[in-house]
Amino acid sequence: MSPAERRERLAELDPDRLTELTAETETDEDHDPLGELPNADAYDEIRMRLAPNPNGPWHLGNARMPAVIGTYKDRYDGWMLCRFDDTDPETKRPDLDAYGDILDAIEYLGFEPDAVIRASDRLETYYEYARELIELGGAYTCTCSAETFSELKNAGEPCPHRAKDIETVMEEFEAMIAGEYDPGDIVLRVRTDIEHKNPALRDWAAFRMIDTPHPREEAAGYRCWPILDFQSGIDDQLMEISHIIRGIDLQDSARRQRFLYEYFDWEYPEVVHWGHVQIDAYDVKMSTSTIKGLIAEGELDGWDDPRAPTLASLRKRGIQGEAIVSALVELGTSTSDVDLALSAVYAANRELIDDDTDRAFFVRDGVEKPVVNGPDAGTPPVHPDYDERGDRTIPVDGAVVVEPADVPPNGERVWLKGYGCVRHTRDAFEFTGDGIDAVREEDVPVVHWVPADENVPLTLRTMDGPVTGHAEPGLREYAPDDIVQFERVGFARIDAMNDDAVAYFAHP
RNA sequence: GCUCGGUUGGUGUAGCCCGGCCAAUCAUGCGGGCCUUUCGAGCCUGCGACGUGGGUUCGAAUCCCACACCGAGCACCA
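Residues numbered from 1 in each chain as written. Chains lettered and ligands numbered in written order. Predicted model: local features only at pLDDT ≥ 70, side-chain atom pairs only at ≥ 80, totals over all residues. Heavy atoms only, no water.

Inspection of the entire model under this criterion finds 34 salt bridges. Two residues, Lys-316 and Asp-304, come together in a salt bridge whose shortest N-O distance is 3.3 Å. Of this pair, Lys-316 sits in helix 11 (residues 311-316) while Asp-304 sits in the loop between helix 10 (288-296) and helix 11, and the two are 12 residues apart along the sequence. Under the relative-accessibility criterion, Asp-304 is labelled partly exposed at 26%. Several salt bridges converge on common partners, so that one network encompasses Asp-304, Lys-316, Asp-481, Arg-493 and Asp-495. (Salt bridge = Lys/Arg side-chain N within 4 Å of Asp/Glu carboxyl O. Helix = DSSP H or I, 4+ residues; strand = E, 2+ residues; numbered from the N terminus. Buried < 20%, exposed > 50% of the residue type's maximum accessible area, 1.4 Å probe, protein only.)

Here is the structure:
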């Protein structure tokens, strides 16, 4: 039935309802991919946290956390904590540089945490709450091997240690803190429901022994470390977090932590889970450990290699943090997995920088052609949309370099942008003196060029590897970090301006 | 195996809770046109989607059931 038919039918059956529908006004809300936070009205202040694991510099996927949480912070005038969840000195060993790198990355994205803490500074606090939990009968020390416990748990059967009295548990837990056990010998478990239908929630481990000292000197003396679910559960309460936003891999985490909150009679924060992000356009898998490995093997030049899907790499290419945030926010917070199109980041970035970016010529792998009978210089505009910024002056000392694909067949003309029309005769470009109508009416192509002598040899580093070529002499006026648009090539960030000039390609 | 999520154009997203101006929004992408001394910007325009099958209903993207497919958890990782 077509909509028109449906309306007709409705008019027969229930004319009042039809009138109501017609009266309902369409609210044209602003485009808002994020939507409102759940139950936001119930809180005086929206308090959120970023909870990075400082095991390496950030890739593009990691940026989603500050992008979304930071955007909500701005929207609700909320509060944002950066808490380093660095409670595994062994298998997810923190990288001491990463703490600072991550804070830099957050700043690059345009946000500032209201507070920064490290879980590894807070072991005594976690111990205190663990003791309290034991007093409440909510935890027990367990000396089952991981395998044994796993089998019992999967069968829904308690292990013998579950029945221990509180005093014994407390003694053994104090001994754990004192470092009197070896790794693997004992854990502290939260007593949940051993017959819970979801096996992932049954009596989960809260503390375990780790011999490897924490890389941070302040925390190197501890041997008894909390598991994320315990540490983060306690901290979220202590920091009065109102909204937790994190990945679907932590969905069961929330369910586990609710048992903790019930023992302490706390109220669990609102929680939003999102799916995984993949990025098109990169050959390198977006994973901290993979990138770390490729750098170690020399496959990548470093964290800022343009081929690496890292924030450092995008930053090096001159892409604004704001563009990354805007593309990531656009993904919303759905629980299904999403692909981020890098072109969305480019589109956002182009929008941000196009107006302010000066134009310049860069000829890739050029061929030299003598120019005869023409003027001494070309004067293309600094920015085609803003006459007031003036023209560049590019000298022509008898010859220019153009890209091979731009050389017209013999006898044909080409317009050297900002200079004039030339005809390819034998092996030279002969100035023709044609007016711009040649371009407008006669389809003469417009190309970029640089002088053969006075130019700037430059390497443009791209995602597909380096490209060598020559830029116009005026490029020397630019300094590292400046962004230019190489006409007909794309935007680029100047990285070094000396004998070996280097720029990083951003996008078309 | 047990448990928990998800599935709207090439990509992302809105709509789903509370069925009806939804032959489905917006963005990006791609194509065409205009403009332009850039393959950029701008303007105009086009392309393109409700996983499958049943059910409920006057009416289903929306509610119910089944199936398919994708993902996550069941770590002494985060």
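Another aspect to go through is the sheet that holds strand 22 (residues 450-451). Spatially, 7 strands are ordered 21-18-19-20-14-17-22 in an open sheet, and the strand pairing comes out mixed. Two strands bound the open sheet, and with one partner strand each, they are strand 21 (446-447) and strand 22. The sheet contact formed by strand 14 (residues 367-372) and strand 20 (residues 428-431) spans 2 bridges and is parallel. Paired with Val-371 across the two strands is Phe-429, which belongs to strand 20. (Pairing = 2+ DSSP bridges.)

The next subject is the packing of aromatic side chains. Summed over all chains, the structure comprises 17 aromatic pairs. For the ring pair Tyr-129 and Phe-264, a centre distance of 5.8 Å and an interplane angle of 80° mean the geometry is edge-to-face. Residue Tyr-129 is found in helix 5 (residues 123-135), and its partner Phe-264 is found in helix 9 (residues 251-264); the two are separated by 135 residues along the sequence. Cation over ring: Arg-47 sits above Trp-79, and NZ or CZ is 3.8 Å from the ring centre. (Phe/Tyr/Trp six-rings, centres within 6.5 Å; stacked < 30°, edge-to-face > 60°. Lys NZ or Arg CZ within 6 Å of the ring centre and 35° of its normal.)

This part takes up the packing of helix 3 (residues 64-76) against helix 12 (residues 321-329). Two elements in contact, helix 3 and helix 12, have axes separated by 9 Å at closest approach and are oriented at 80°. Regarding the angle of helix 3 to helix 12, the classification is roughly perpendicular. Every residue of helix 12 that contacts helix 3 at Arg-64, Ala-67 and Thr-71 is listed here: Val-325, Leu-328 and Val-329. Per-class residue counts for the contact of helix 3 with helix 12 are 4 nonpolar, 1 polar and 1 charged. (Axes fitted to C-alpha atoms, helices over the stretch in contact; angles between N-to-C directions. Parallel < 35°, antiparallel > 145°, perpendicular 65-115°, else oblique. Contact = heavy atoms within 4.5 Å. Nonpolar A, V, L, I, M, F, W, Y, C, P; charged D, E, K, R; others polar.)

One non-glycine residue, Asn-373, lies in positive phi territory at about 65°. One can find Asn-373 in the loop between strand 14 and strand 15 (377-378).

For helix 3, spanning 13 residues, the distance from its first C-alpha to its last is 18 Å, which sits close to the expected 18 Å at 1.5 Å a residue. Three or more residues of helix 3 are buried, namely Arg-64, Met-65, Pro-66, Ala-67, Val-68, Ile-69, Gly-70, Tyr-72 and Lys-73. Positioned one or two residues after helix 3, Asp-77 has a phi angle of 55°, which is positive. (Expected span 1.5 Å × (residues − 1).)

This part takes up the nonpolar core. Core analysis: the biggest nonpolar cluster contains 51 residues, and Leu-60, Leu-109, Ile-245, Leu-311, Ile-319, Ile-324 and Leu-340 have the highest contact counts within it. If we ignore the near neighbours within four places in the chain, the residues touching Ile-319 are Tyr-108, Leu-314, Ile-324, Val-345, Tyr-346, Asn-349, Ala-506 and His-507. Counting residues in each nonpolar core, the second largest holds 46 residues, with Met-209, Trp-225, Ile-244 and Leu-260 among its members. (Core = buried A, V, L, I, M, F, W, Y, C linked by side-chain atoms within 4.5 Å.)

With that out of the way, let us pick up the sheet that holds strand 13 (residues 362-364). Two pairing modes exist for strands in a sheet, parallel and antiparallel, and in both the strands are linked by backbone hydrogen bonds. Taken together, the 7 strands give an open sheet; going across it, the order is 12-25-26-27-23-24-13, and neighbouring strands pair in mixed fashion. If you trace the sheet from one side to the other, it starts and ends with strand 12 (358-360) and strand 13, each paired once. This sheet shows a mean twist of 40° between the axes of neighbouring strands, independent of strand direction. Here strand 23 (residues 456-462) pairs with strand 27 (residues 501-507) via 4 bridges, running parallel. When the bridges of strand 27 are listed, Thr-459 appears paired with Val-502.

What follows covers the side chain of Arg-392. Tracing the sequence through the fold places Arg-392 in the loop between strand 15 and strand 16 (394-395). A distance of 3.4 Å separates the side chain of Arg-392 from the backbone oxygen of Arg-359, its partner in a polar contact. The contact partners of Arg-392, leaving out residues within four places of it in the chain, are Arg-359, Ala-360, Phe-361, Gly-378, Thr-379, Pro-380, Pro-381, Val-382, Glu-472 and Glu-487. (Polar contact = N/O pair within 3.5 Å; in protein donor to acceptor, adjacent residues only side chain to side chain.)

On to the side chain of His-424. Looking at where His-424 falls in the secondary structure, it is placed in strand 19 (residues 420-425). Owing to a relative accessible area of 6%, His-424 belongs among the buried residues under this scheme. In this structure the side chain of His-424 is engaged in a polar contact, spanning 3.4 Å, whose partner is the backbone oxygen of Arg-426.

With 4 bridges connecting them, strand 19 and strand 20 associate as antiparallel partners. Bridge pairing links Arg-423 to Glu-430 in strand 20.

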